[in-house]
Structures are given as C-alpha cells and as structure tokens.
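This is what each chain is made of:
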Amino acid sequence: MTHLWVRAEQRPNEERVGLTPEGAAALVKAGIKVSVELSSVRAIPIDGYREAGCEIVAENLWPHAPADAIIFGLKELPEDGTPLTHRHIMFGHAYKGQPAGRDLLKRFKAGGGALYDLEYLVGEDGRRVAAFGYWAGYAGAAVSLKCWAAQQRGGIAGPVRKVPSKAALLDQLATELDGLSRPRAIIIGALGRVGTGAADLCTAMGVAVTRWDMAETASGGPFPEVLQHEIFLNCILARPGCPVFVPASAKTDPRKLTVIGDIACDPTSDFSPIKVYDRATEWDAPALRVHDDPPLDVTAIDNLPSLMPVESSQDYAAQLLPSLLTLTALTEGVWGRAKTEFDRHIATL
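First, a word on what this report is: a plain description of the structure on this page. (Residues numbered from 1 in each chain as written. Predicted model: local features only at pLDDT ≥ 70, side-chain atom pairs only at ≥ 80, totals over all residues. Heavy atoms only, no water.)

1. Topic: the overall build of the chain
Inference 1: The helix and strand tally for the chain stands at 9 helices and 12 strands.
Inference 2: Taking 20 Å as the expected radius of gyration for a compact globule of 349 residues, we find that the chain reaches 21 Å, a close match to that expectation.
Inference 3: Projected onto its principal axes, the C-alpha positions of the chain cover 60 × 45 × 35 Å.
Inference 4: Burial statistics for the chain: of 349 residues in total, 54% are counted as buried.
Inference 5: For the chain, the computed accessible surface area is about 14700 Å², with 54% contributed by carbon and sulfur atoms.
Inference 6: On the chain, the mean spot of the 35 positive side-chain charges and the mean spot of the 42 negative ones are 2 Å from each other. (Helix = DSSP H or I, 4+ residues; strand = E, 2+ residues; numbered from the N terminus. Rg over C-alpha atoms; globule rule 2.2 N^0.38 Å. Buried < 20%, exposed > 50% of the residue type's maximum accessible area, 1.4 Å probe, protein only. Areas by Shrake-Rupley, 256 points an atom, 1.4 Å probe, with all protein chains shown as cover. Lys, Arg positive; Asp, Glu negative; His and termini not counted. Charge placed at Lys NZ, Arg CZ, Asp CG, Glu CD.)

2. Concerning the pattern of salt bridges
Inference 1: What the rule picks out here adds up to 17 salt bridges.
Inference 2: Taking the shortest distance from any N to any O, the salt bridge between Glu55 and Lys33 comes out at 3.9 Å. You can see Glu55 sitting in strand S3 (residues 55–57) and its partner Lys33 sitting in strand S2 (residues 33–37), a full 22 residues away along the chain.
Inference 3: Here Lys33 falls in the partly exposed class, since its relative accessible area comes to 35%.
Inference 4: For Lys339, the salt bridge is made with Asp343, and the minimal N-O distance between the two is 2.9 Å. Note that Lys339 and Asp343 are positioned in helix H9 (residues 333–346) at a spacing of 4 residues, about one turn of the helix.
Inference 5: On the basis of relative accessible area, Lys339 is assigned to the partly exposed category, the value being 26%. (Salt bridge = Lys/Arg side-chain N within 4 Å of Asp/Glu carboxyl O.)

3. Observations regarding the pairing of S2
One face of the sheet, then the other: side chains in a regular strand alternate in exactly this way.
Inference 1: With 4 of 5 residues buried, S2 lies mostly within the body of the structure.
Inference 2: In terms of strand pairing, strand S1 (residues 3–6) meets S2 through 4 bridges, oriented parallel. Among the inter-strand pairings, Leu4 is bridged to a residue of S2, identified as Val34.
Inference 3: With respect to chirality, the unit in which S1 leads through helix H1 (residues 21–29) into the neighbouring parallel S2 is right-handed.
Inference 4: In the sheet, S2 pairs with S3 via 3 bridges, with the strands oriented parallel. Paired with Glu37 across the two strands is Val57, which belongs to S3. (Pairing = 2+ DSSP bridges. Right-handed = clockwise from strand over helix to strand, strands pointing away.)

4. Section: the pairing of strand S12 (residues 296–299)
Inference 1: Neither face of S12 is left uncovered, since the one carrying Leu296 and Val298 and the one carrying Asp297 and Thr299 both have all their residues buried.
Inference 2: Pairing between strand S10 (residues 259–262) and S12: 3 bridges, direction parallel. Within S12, the residue paired with Val259 across the bridge is Asp297.
Inference 3: The pairing of strand S11 (residues 288–291) with S12 spans 3 bridges and is classified as antiparallel. From the neighbouring strand, His291 faces S12, where its bridge partner is Leu296.
Inference 4: Here S11 folds back onto S12 in antiparallel fashion, the turn holding 4 residues.

See below:
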C-alpha cells in the first residue's frame, strides 16, 4: 500500500501544509495510507485529519517512519547533515547552484533516498501542476509596500506577522499608507502566477503598475526603466540565461528606485537577476538596506505565502491533490519526471 507521511514543518514562521483534511479523505478513499504528524504550528487543525481517516503520529517523527513511506512537507529539513533514506516530496531548492542545495543532494546520495521537488512537478506541457505563486506575489508586494512606507517616515520596515485573511492584510496596509502618496511599481513576470498576485495587491492599494514579461525583457538588458520606478518586484525564477534586471551599480546609479521586492527570492543562485544583495531576509527583519543615500532596501522572504497560511494552503492543496492521487504510480507522469530531474542532478555529485 502506498503510504504518504505528512510531516510537521520545522522552520520558523511556517504554518502551511500541502494537504487539507478534505484532500486526505480523498487519498484514504483511493487506498493510500496517510499519516499526519501533530504540529504545534500548522494553520489547519489536526482534528480534521483524524476524522478523514488518517493515522496521527508524533511531531517530527518522520526520520523514523517506515522505510517505504513517502515523506511530504513543504519547506527545508533541518540542516543536520544526516543521510536521507526516504523518498521526500518538498521544495528542495537544490538544482540551481545553491550551496545548501548541494549539501541536501549529498544527504540523499548518502542515504539512498530521493527528492521529488515540488517546483519540478510538471505536466507534459512543462507547466507546474501546483504553485503557491499567486499568494507569494500578493504577500511579496504587500511587504514591499510596507518597506516603502517605512522609508517615507524615515525608518526601515519592522517585523511582519501572519494575518488571518487577505482582507485583514489590505486593512493593515491601508493604515500604514495613510497620508502617503502612492509609489509606482514595475513587475517583471507580470503574466505569471506570482506577477498576477503582485499586480492584484498593487491595484487594490492604488499603486500604478508597469507590467513587463518576456516580450519586454527579450533584449537581455540593460533595463534602465527599472530604476525609474520606486518599487521593483521580481516575479520570475532564476534560470540559466536570465537577464540581470538590477546590476550591482544600481546602488549608486541615479535612480528613483528605493525598494526591491525579490519575490522569487533566489539570491544564492548563480542565475539571480538582482546583483545588489546576497541573502534572504527574515520575518523579524524583512528589509535589508544595501545603500543609504538615497536608501535602497531589498526584501526577499522565501516563504511569503505563510503570511496568509490558511488561504494559501487551501489553494495549493487543491492544485496538488490530483497529482497526489497518482502516487500509486510513482514512476510515471509528474512523479516520474520529477525523479528524472533528481537523478540528473544527483549524478553530478
């Protein structure tokens, strides 16, 4: 019997989950065993999973799960160097030259396990079957506006915290922007999921948006237009051949730009299109000031959808469920393609 083990998330400020109780009930009905770890932080209560017929197990027990269990989580595992013996479904961030990603692959090689990276679950058309992108864009634009508002008052953005709903986030932003004129924002990747979410937030807050996508960036740069907007929102994933949108010289170049929202958030990738910073930011300190006069702040939080954990979890889980229902055929379809990608990268170690 196929056995899916839903682990508790172990990183700070992560309350999302990729399977709802309704989805768990569908998997159980399809003959898949589902174990769900208790969690002290998960946004969706455990009772629904119990009622769905799931086995409820202790928090963080996954290293001791049966050898044939498929471990399912969202964000990274503790970086303790232990070999990974199980098959894991998660966002690995391991295929684009990230140092921590290479360490993760070494752990899989040492333990004989395998990674089915959620970012690389794609259909025959190459399009991802499930993504948090819309909510990442929505939240990323919101945090970027918070950074801009703090600048207008002579400061730097303070800690961000989860909100119960999209409406609550908009109310919070309206208060922070009260009395301020609105900045202009440019979005690259505006036609994708992430860009759509970012544009929707900006529109809701009365921020004028310049929407760019592949056609506008086909020249390969440079792109001086980016520096003529107060806020730049990067909504495309770093890939080989990705143009540089913000060169290192932007810190001292003449510019109106004061906030960069790197929503794609891949600063350690060799292909990062933003060259003025080198590390992600955190909930407690969402803005990294990379230049003082005039100010230039970068915000790059890598789990933005967790600002709205219930809505983003429900949306993502609904997208992913049809693929989870095919776990009984793990060598085929989206899972087979993800395993091929893993095998290709593990072979380079």
